[in-house]
Number of protein chains: 2
Amino acid sequence: MENILEKNEIIAAENNALFSKRGIFVLNLLGSPGSGKTSLLERTIEYLKGELCLAVIEGDLFTSKDADRIARQGIPVVQINTSGGCHLDASMVKGAINQLDLTTLDLLIIENVGNLVCPAEFNIGEDAKATVLSITEGEDKPLKYPLIFKQSSIAVLNKIDLLPYTSFDMTAAQGDIVSINPFITLSPISCQTGEGLGVWYGWLKQQVKIKKDMINCLV
Amino acid sequence: MENILEKNEIIAAENNALFSKRGIFVLNLLGSPGSGKTSLLERTIEYLKGELCLAVIEGDLFTSKDADRIARQGIPVVQINTSGGCHLDASMVKGAINQLDLTTLDLLIIENVGNLVCPAEFNIGEDAKATVLSITEGEDKPLKYPLIFKQSSIAVLNKIDLLPYTSFDMTAAQGDIVSINPFITLSPISCQTGEGLGVWYGWLKQQVKIKKDMINCLV
């Protein structure tokens, strides 16, 4: 197991070096099945595609359902099927990168397999992790699955349009997330109504800018 | 990996033999984080505890939040913490059984780690698997995570009280589940309102009776 993780870290570092050379900000998008990762991607692409050059890598066990949804938006998308595997690893991502034209990209979002446990243990070469939690999952989830929140730079609390019909305690959830990771950005949103998405878009654009500035500084 | 699975199968068979000797029906309760496994357990215990002698094993990464909820109902509960591990395995369950008095039990429900992928690959000695899917996760999930539905005897479609506020297509979801597993029982429910729980209770009681009858037949 340690060997697998070590080997993965080496390939992840290679992936990251390649992204950095091109000045591409790469986000590893995590969350439970049905938390709304693909819906968030659809909203994000719609909003940002006129402004930034972006591409998506879609991780799924077997189907290309999510990649098909993203392809409809007219941006480059590469499907990784893990054949039942519970997470993406760096070598899968390395293979997918070869199918993308990196020369003009600003932003690459990699949607991981729907799973709140295993994907947190495998770096894939990303600059940051974002975890999407649907409020329908309950406010106890951050403390039950702390690693993924500890490793994420932003926690997106999705489906807030359903708050009136659930007993979800937003204050408790946010407090728990911050207790696990004091440096995390919190972003309550609804992909249905669009509420709160401004913070998410703003955060993403800021990360892209920071990465570009860093590269310009190094050149 | 194959060695791990093989070794697990051996211990799972030992667990199952022990349960069968005692005539206990054992259910492996599966589902995404926040699908409502613990809420379903709370409802089930409340309804069945006067009628059947039951116990619970709770699988969690780190906390005892779910076990604490179950303990409030006054039935025996054993906590397994996987220390970050993404599924229960047969040897963890073997260790937990030692902490239970099996002599009078009719029904043991083992709540697995919230995860729609990995727990499906590890038998723990159960007689049947049940998968809980929250309708807020979306109707595309059965085809995206087919193994867990293929291996389950019953699929519980939870949170149907939220149907009016989502675009969940119940007919499509049920059709997909049955296409993966034609022998599965479908049980749409709401743990909030109690709607549909009769089918679930009836199914459980039937399984307990079948197991008892089988044992009596063998004696």
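Residues numbered from 1 in each chain as written. Chains lettered and ligands numbered in written order. Predicted model: local features only at pLDDT ≥ 70, side-chain atom pairs only at ≥ 80, totals over all residues. Heavy atoms only, no water.

1. Looking at the relation of the copies chain B and chain A
- Structural alignment of chain B on chain A gives an RMSD of 0.0 Å, achieved by rotating through 180° and translating 0.0 Å along the axis. In short, the pair behaves as if placed about a two-fold rotation axis.
- When you check the interface residues of chain B against chain A, 100% turn up at the interface there too, and the contact is symmetric in its surfaces. (Least-squares fit on C-alpha atoms with pLDDT ≥ 70 in both. Contact = heavy atoms within 4.5 Å.)

2. Examining the environment of Gln151(A)
Residue and element names in this part refer to chain A.
- Its location among the elements puts glutamine 151 in the loop between helix H6 (146-150) and strand E6 (154-158).
- Linking glutamine 151 and serine 64, residues 87 residues apart in sequence, is a C-alpha distance of 27 Å.
- In this structure, glutamine 151 is in contact with Ala120 and Lys129, ignoring residues within four places of it in sequence. (Helix = DSSP H or I, 4+ residues; strand = E, 2+ residues; numbered from the N terminus.)

3. Observations regarding unusual backbone geometry
Residue and element names in this part refer to chain B.
- Here the phi dihedral of serine 83 falls at roughly 50°; this positive angle occurs in a residue that is not glycine.
- Structurally, serine 83 is set in the loop between strand E3 (77-81) and helix H4 (90-97).
- In the Ramachandran plot, lysine 159 falls in the positive-phi region, its phi being about 65° despite a non-glycine side chain.
- For lysine 159, the position within the fold is in the loop between strand E6 (154-158) and helix H7 (170-180).

4. Examining the sheet that holds strand E4 (residues 107-111) of chain A
Residue and element names in this part refer to chain A.
- As summarised here, the arrangement of the 7 strands in space is E3-E2-E4-E1-E5-E6-E7, forming an open sheet in which the pairing is parallel. With partners counted over all chains shown, the strands left at the sheet margins are strand E3 (77-81) and strand E7 (185-188), one partner each. The average angle at which neighbouring strand axes cross in this sheet is 20°, direction not considered.
- Inspection of the sheet shows strand E2 (residues 54-60) paired to E3 by 5 bridges, in the parallel sense. Of the residues in E3, the one forming a bridge with glutamate 58 is glutamine 79.
- This element, helix H8 (residues 197-218), spans strand E1 (25-31), E4, strand E5 (128-134), E6 and E7 of the sheet and lies at about 145° to E1. (Pairing = 2+ DSSP bridges. Axes fitted to C-alpha atoms, helices over the stretch in contact; angles between N-to-C directions.)

5. A word on the side chain of Asp60(B)
- With respect to the element layout, Asp60(B) can be found in strand E2 (residues 54-60).
- The exposure class assigned to Asp60(B) is buried, which follows from its relative accessible area of 2%.
- Each residue touching Asp60(B), except ones within four places of it in the same chain, is listed here: Lys144(A), Asp66(B), Gln79(B), Ile80(B), Asn81(B), Thr82(B) and Val113(B). (Buried < 20%, exposed > 50% of the residue type's maximum accessible area, 1.4 Å probe, protein only.)

6. Structural notes on the interface of chain B and chain A
- Contact residues are listed per partner, giving 32 residues for chain B and 32 residues for chain A.
- When chain B packs against chain A, the two sides together hide about 2500 Å² of surface, and 62% of this comes from carbon and sulfur.
- Summed over the three residues of chain B that lose the most area to chain A, namely Pro33(B), Lys144(B) and Tyr165(B), the buried surface amounts to 23% of that side.
- If you look at where chain B meets chain A, you find 4 salt bridges.
- Where Asp60(B) meets Lys144(A), a salt bridge forms, and the shortest distance between an N and an O atom there is 3.5 Å.
- At the boundary of chain B and chain A, one finds 7 residue pairs in polar contact (both at pLDDT 80 or more).
- Those elements that place two or more of their residues in the side of chain B that touches chain A are helix H3 (65-71) and helix H5 (141-144) of chain B.
- Grouping the constituent residues of the side of chain B that touches chain A by class yields 13 nonpolar, 9 polar and 10 charged. (Buried area = accessible area lost by both parts, 1.4 Å probe. Salt bridge = Lys/Arg side-chain N within 4 Å of Asp/Glu carboxyl O. Polar contact = N/O pair within 3.5 Å; in protein donor to acceptor, adjacent residues only side chain to side chain. Nonpolar A, V, L, I, M, F, W, Y, C, P; charged D, E, K, R; others polar.)

7. Points about empty space enclosed by the protein
- A full pass over the atoms with the stated rule returns 1 cavity of 30 Å³ or more.
- In this model, the largest cavity occupies a volume close to 50 Å³.
- The wall of the largest cavity is formed by 14 residues, among which Thr136(A), Glu137(A), Pro33(B), Thr136(B) and Glu137(B) lie closest to the centre.
- For the lining of the largest cavity, the class distribution of residues is 2 nonpolar, 8 polar and 4 charged. (1 Å grid on protein atoms, 1.4 Å probe; cavity = no way out; pocket = protein on both sides within 12 Å on 5 of 7 lines; lining within 4 Å. Points joined across faces, edges and corners; volume = space filled by probe spheres on them.)

These results come straight from atomic positions and should not be treated as a statement about function.
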